[in-house]
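What follows is each chain in one-letter form.
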Amino acid sequence: MQIPMLHTERLLLKPLVAEDASQIQTLYPRWEIVRYMVSSVPWPYPENGAENYVNNVALPDMEKGLAWFWTIRHRETTNELMGLICLYDVEDNNRGFWLAPEYQGQGFMREACNKATDYWFNSLNKTVLRAPKAALNTRSKQISQSSGMRLIRTEKKEYVSGLLDSELWEITRDEWNAHQR
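For clarity, every value in this text was computed on a predicted model and none was experimentally measured. (Residues numbered from 1 in each chain as written. Predicted model: local features only at pLDDT ≥ 70, side-chain atom pairs only at ≥ 80, totals over all residues. Heavy atoms only, no water.)

Chemist: How would you summarise the pattern of salt bridges if you had to cite specific residues and measurements?
Modeler: As a working rule, side chains carrying opposite charge can pair if their charged atoms are close by. In this structure the tally under the stated criterion is 14 salt bridges. In this structure, the salt-bridge partner of glutamate 111 is arginine 10, at a minimum N-O distance of 2.7 Å. With glutamate 111 in helix α4 (residues 108-122) and arginine 10 in the loop between β1 (6-7) and β2 (11-15), this residue pair connects regions lying 101 residues apart in the sequence. For glutamate 111, a relative accessible area of 16% corresponds to the buried category. By relative accessible area, arginine 10 is classed as partly exposed at 24%. The partner of lysine 157 in a salt bridge is glutamate 155, and the shortest N-O contact between them spans 4.0 Å. The class for glutamate 155 is partly exposed, based on a relative accessible area of 34%. The network of salt bridges with common partners includes Asp92, Arg130, Arg150, Arg153, Glu155, Lys157, Glu170 and Glu175. (Salt bridge = Lys/Arg side-chain N within 4 Å of Asp/Glu carboxyl O. Helix = DSSP H or I, 4+ residues; strand = E, 2+ residues; numbered from the N terminus. Buried < 20%, exposed > 50% of the residue type's maximum accessible area, 1.4 Å probe, protein only.)

What follows is the structure, encoded as structure tokens:
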């Protein structure tokens, strides 16, 4: 399935390609970004970490129809990557994202999440979206809350920064569409 480019008021969500790895490698390996990522993310981040992830995980999963990855770019600077957002067709982990710290706190990720979530429900016709996160990740929690998601489970999980309280947030297609009206 061809993954479309998505547009918001300020952003371009461009399907991930192998050439994006170099910009990801420059932006991603920062503690502010990786500390709340799952423990399978290597830390310290290796010099070929982004290339390995893009070419051996993300792109193959996209080709299999299991995942949809977009780079997040400002519409005025489409050559510069700001972060990444993905949708995954796996149990209890359907959406993930990161944004470089210099772009945080400006509503960009909320904008990208709303577009990707709408794609999940109204283009892919999925019935539920679940997003896990570290309980300490307050910005991610605020995005979930503002989009109408609700907390359905808490547990302990290993993150790059160690064993932390983890939360699972959920919204159904009907709830999403009602929330968007």
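We are not done yet, so read on.
Chemist: So what's going on with the pairing of strand β5 (residues 95-99)? Which residues, and what values?
Modeler: Counted residue by residue, β5 has 4 buried out of 5 residues, so it is predominantly covered. Examined bridge by bridge, strand β4 (residues 77-88) and β5 share 5 bridges and lie antiparallel to one another. Bridged to leucine 87 within β5 is arginine 95. Between β4 and β5, which pair antiparallel in sequence order, lie 6 residues; one of them, aspartate 92, sits at a positive phi of approximately 60°. (Pairing = 2+ DSSP bridges.)

Chemist: Give a detailed account of the packing of α4 against helix α5 (residues 138-146), specifying residues and quantitative values.
Modeler: In contact at an axis separation of 10 Å, α4 and α5 are set at 45° when each is read in the N-to-C sense. If you check the angle between α4 and α5, you find them oblique. Both α4 and α5 take part in a crossing whose hand is right-handed. Between α4 and α5, the contacting residues are Met109, Arg110 and Cys113 on the first element and Gln142, Ile143 and Ser146 on the second. Here the contact of α4 with α5 is built from residues that sort into 3 nonpolar, 2 polar and 1 charged. (Axes fitted to C-alpha atoms, helices over the stretch in contact; angles between N-to-C directions. Parallel < 35°, antiparallel > 145°, perpendicular 65-115°, else oblique. Left-handed = near helix turned anticlockwise from the far one by under 90°. Contact = heavy atoms within 4.5 Å. Nonpolar A, V, L, I, M, F, W, Y, C, P; charged D, E, K, R; others polar.)

Chemist: Go over the sheet that holds strand β3 (residues 67-74), please, and point to the residues and values.
Modeler: The strand order across the open sheet formed by 5 strands is β1-β2-β3-β4-β5, and the pairing between neighbours is antiparallel. The sheet is open, and its two borders are formed by β1 and β5, each paired with just one other strand. Where β2 lies against β3, 5 bridges are found, and the strand directions are antiparallel. In the sheet register, leucine 13 faces β3, and the bridge partner there is isoleucine 72. Its contacts with the sheet place helix α3 (residues 49-63) against β3 and β4, and it is angled at close to 115° to β3.

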